[in-house]
Amino acid sequence: MTSSLPPPPPPPPRLGEPGRLSGRPAPRYPSWLRWGLGDFWIATGIFLLVGVVLGAIAVFDDLSALATDSQREIDIGTAWLPFLIATPALLQVCYVLWAVRRKGRGPAADIAVRFRSVDLGIGAVLFVVGLTAATVLAVTMEHLFGISPSAAVADLVEDSDDTAGGISGWIVLLAVLVALVIPVIEEIVYRGLLWSALEKRGMGETAVLVLSSLIFAAIHLEPARFPILFVLGIALGYGRIRTGRLGPCVTAHICLNSVGMIALLATL
């Protein structure tokens, strides 16, 4: 005798996995992809090595001036600063883009280098949240510990003798690079390659957010700003969690750096 009862309804589709902030299933990376954490560390090594070499050349160039002026202090001129800031980062991102193209499916598929118009609005919200959190943290650090964290590039510009006559073209070029170019590069490297490489190794979404933000803050080699950079990394990383793209991260990062560069130019 057969039953006349209707079959049970199918289970509802899973919208996400337990503990994932995004509410989406964990991304799957094909086993044949050959890029990974090793490529991130190679890119980081390129960044640090080129920065050290260029810094040594800049210092040597400045030391040569001491032969004629013994009273002169060592001061890297602002003409060097755009090269010191941009060249290591550009070589770093060139390696990253080469690695994901040569060893994988390309930047869009593998490290989320994608953008949509809605990312402008999401990035603006992340900018406000990140700037507010960083400001509160900076004020707290100054009140409790007497630490007034400022960006290393701002300190270099303000301490340079080249600023005595006002804002030079080199300073403007530096401001443009830091405001518009460096954010794109850093997002591709940290919220792009590093983030995907950690996910590819099976790390959970929250752990990826925290660890990538810690590495992002540490690589800047600015101990006084470490807590602020970490908080900003969390805010920027949420852009990738929210959308699965780097568009909001880049937008918010450009806004944050632009505010800093505008403030620097205003003080000069």
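Computed from a predicted structure; not experimentally measured.

Examining the overall build of the protein chain
Then, in step 1: Secondary structure summary: the protein chain contains nine helices and zero strands in total.
Then, in step 2: Written out in order from the N terminus, the α and β elements of the protein chain read α-α-α-α-α-α-α-α-α.
Then, in step 3: Residues classed as buried in the protein chain amount to 43% of the 268 residues present.
Then, in step 4: A fraction of 75% describes how many contacts in the protein chain between residues 6 or more apart in sequence connect residues 24 or more apart.
Then, in step 5: Counting every atom, the protein chain has about 14300 Å² of accessible surface; 68% of that belongs to carbon and sulfur.

Quick word on the nonpolar core
The tendency in soluble globular proteins is for nonpolar side chains to be buried as a group.
Then, in step 1: Core analysis: the biggest nonpolar cluster contains 35 residues, and Trp 35, Phe 40, Val 96, Tyr 190, Leu 193 and Leu 194 have the highest contact counts within it.
Then, in step 2: Broken down by secondary-structure element, the contributors of at least two residues to this core are α1 (37–63), α2 (81–103), α6 (169–200), α7 (205–219), α8 (226–243) and α9 (247–267).
Then, in step 3: Broken down by element, the residue count for this core peaks at 10 residues, all from α6.
Then, in step 4: With 15 residues, the next largest nonpolar core counts Leu 54, Ala 58, Leu 174 and Ala 179 among its residues.

What to know about α6
Then, in step 1: The end-to-end C-alpha distance of α6 is 44 Å, a good match for the 46 Å that 32 residues give at a rise of 1.5 Å each.
Then, in step 2: The sharpest bend along α6 measures roughly 40° and falls at Val 181, with the proline Pro 183 sitting one to four residues further on.
Then, in step 3: Burial runs high along α6: 23 of the 32 residues are buried.
Then, in step 4: Two residues or fewer past α6, Gly 202 is found with a positive phi of approximately 95°.

Focus on the environment of Val 208
Then, in step 1: With respect to the helices, strands and loops of the structure, Val 208 is situated in helix α7.
Then, in step 2: In this structure Val 208 comes out as buried when scored by relative accessible area, which is 0%.
Then, in step 3: Considering only alpha carbons, one finds Val 208 and Ser 196, 12 residues apart in sequence, at a separation of 8.8 Å.
Then, in step 4: Look past the residues within four positions of Val 208 in its chain and what remains in contact with it is Trp 195, Leu 198, Glu 199 and Met 203.

Brief notes about the pattern of salt bridges
Then, in step 1: Under the criterion given, the structure shown has six salt bridges.
Then, in step 2: For Asp 39, the salt bridge identified is with Lys 103, shortest N-O distance 2.7 Å. Residue Asp 39 is found in helix α1, and its partner Lys 103 is found in helix α2; the two are separated by 64 residues along the sequence. For the pair Asp 39 and Lys 103, a shared accessibility class is recorded, and that class is buried.
Then, in step 3: With its nearest N and O atoms 3.8 Å apart, the salt bridge here joins Arg 240 to Glu 199. In this pair, Arg 240 sits in helix α8 while Glu 199 sits in helix α6, placing the two residues 41 residues apart along the sequence.

Here's the deal with the packing of aromatic side chains
Between two aromatic rings, the relevant description is the distance of the centres plus the angle of the planes.
Then, in step 1: Across all of its chains, the model carries six aromatic pairs by this definition.
Then, in step 2: Summarising the aromatic geometry, the rings of Phe 40 and Trp 41 are spaced 4.9 Å apart at their centres and angled 70° between planes, so their arrangement reads as edge-to-face.
Then, in step 3: A residue is classified by how much of its surface remains accessible, and Phe 40, at 0% relative accessible area, is buried.
Then, in step 4: Chaining the aromatic ring pairs together yields one cluster made of Phe 40, Trp 41, Tyr 190 and Phe 216.
Then, in step 5: One Lys or Arg, Arg 191, reaches over the ring of Phe 216 and ends 4.3 Å from the middle of that ring.
Then, in step 6: Looking at Lys 200, its charged tip hangs above the ring of Trp 35, at a distance of 5.4 Å from the centre.

Cut-off values and rules
For every chain, the first residue of the written sequence is number 1, and numbering continues from 1 onward in sequence order. Only residues with pLDDT of at least 70 get local features here, since the model is predicted, and only at 80 or more are side-chain atom pairs given and counted; chain-wide, interface and lining totals rely on the full set of residues. Here the side-chain values reflect all heavy atoms present in the structure, with hydrogen atoms and water set aside. Working definition: helices are DSSP H or I runs of at least four residues, strands are E runs of at least two. Numbering for both runs from the N terminus. Partly exposed describes any residue whose relative accessible area lies between the buried limit of under 20% and the exposed limit of over 50%, with all areas from a 1.4 Å probe on protein chains only and scaled to the type maximum. We call two residues in contact when some of their heavy atoms are within 4.5 Å. Each accessible area is a Shrake-Rupley estimate made with a 1.4 Å probe; only the visible protein chains count as cover when residues are assessed. In plain words, nonpolar cores are sets of buried Ala, Val, Leu, Ile, Met, Phe, Trp, Tyr and Cys residues tied together by side-chain atoms within 4.5 Å. For a helix, the expected span equals 1.5 Å multiplied by the number of residues minus one. Fitting axes to the seven residues ending at a residue and to the seven starting there, one defines the bend at that residue as the angle between these axes. Any Lys or Arg side-chain nitrogen found within 4 Å of a carboxyl oxygen on Asp or Glu counts as a salt bridge. Aromatic pairs are defined between Phe, Tyr and Trp rings, using the six-membered ring for Trp, whenever the two ring centres lie within 6.5 Å; interplanar angles under 30 degrees are classed as stacked, those over 60 as edge-to-face, and all others as tilted. Whether a charge sits over a ring depends on NZ of Lys or CZ of Arg being within 6 Å of the ring centre and within 35 degrees of the ring normal.

Note that every value here comes from positions in space, so none of it alone points to a role or purpose.
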